[in-house]
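# Reading the structure
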Amino acid sequence: QVQLVESGGGLVQPGGSLRLSCAASGRLFSRYDMGWYRQAPGKHRELVAVIISGGRINYADSVKGRFTISRDNAKNTVYVQMNSLQPEDTAVYYCNVRNYYNDYASVNYWGHGTQVTVSS
């Protein structure tokens, strides 16, 4: 099992910044991806950004140039720095870890979510 603890959500004005953190613990294999997803009211959960185990990074088009994901492997922690936040970024943000048994099998773990609200 893998446990994920998120922190850093809150209320911010448009144009403001927030930094989310997610610390993973438990049975992590040598290969695991770490990332962030979000779900706004009435919408499906969507990818925000992910760091693949080898270091490649993928961003949603909607956050490119504004959000920066980073990862501290020594601490098993993933961060997302969110700048120039807009009301449409309001959502519950979920940390995700995909833990690979091998090249063909993996398991997904989710955090409980942290609310980000962008409003004046």
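Quick caveat, the model's predicted, so the values are computed rather than measured.

### Some words on the packing of aromatic side chains
For any pair of aromatic rings, geometry is given as the distance between the ring centres together with the angle between the planes. Following the criterion strictly, the structure yields 2 aromatic pairs and no others. Both rings, one in Tyr 37 and one in Trp 110, keep their centres 5.0 Å apart while their planes meet at 70°; by these two values the pair is edge-to-face. Residue Tyr 37 is located in strand S4 (residues 32-39), and its partner Trp 110 is located in strand S10 (residues 106-110); the two are separated by 73 residues in the primary sequence. Take Tyr 37: its relative accessible area is 23%, and that puts it in the partly exposed class. Taking relative accessible area as the criterion, Trp 110 reaches 36% and is therefore assigned partly exposed.

### Focus: the pattern of salt bridges
Taken as a whole, this structure holds 5 salt bridges when the rule is applied. Its salt-bridge partner being Arg 31, residue Asp 103 comes within 3.0 Å of it at the nearest N-O pair. Taken together, the positions of Asp 103 in the loop between strand S9 (91-100) and S10 and Arg 31 in the loop between strand S3 (18-26) and S4 put the pair 72 residues apart, joining distant regions of the chain. With relative accessibility at 31%, the residue Arg 31 sits in the partly exposed group. The closest approach of N and O atoms between Asp 89 and Arg 38, which form a salt bridge, is 2.9 Å. You can see Asp 89 sitting in the loop between strand S8 (77-82) and S9 and its partner Arg 38 sitting in strand S4, a full 51 residues away along the chain. We classify Arg 38 as buried; its relative accessible area is 6%.

Analysis parameters
Residues numbered from 1 in each chain as written. Predicted model: local features only at pLDDT ≥ 70, side-chain atom pairs only at ≥ 80, totals over all residues. Heavy atoms only, no water. Phe/Tyr/Trp six-rings, centres within 6.5 Å; stacked < 30°, edge-to-face > 60°. Helix = DSSP H or I, 4+ residues; strand = E, 2+ residues; numbered from the N terminus. Buried < 20%, exposed > 50% of the residue type's maximum accessible area, 1.4 Å probe, protein only. Salt bridge = Lys/Arg side-chain N within 4 Å of Asp/Glu carboxyl O.

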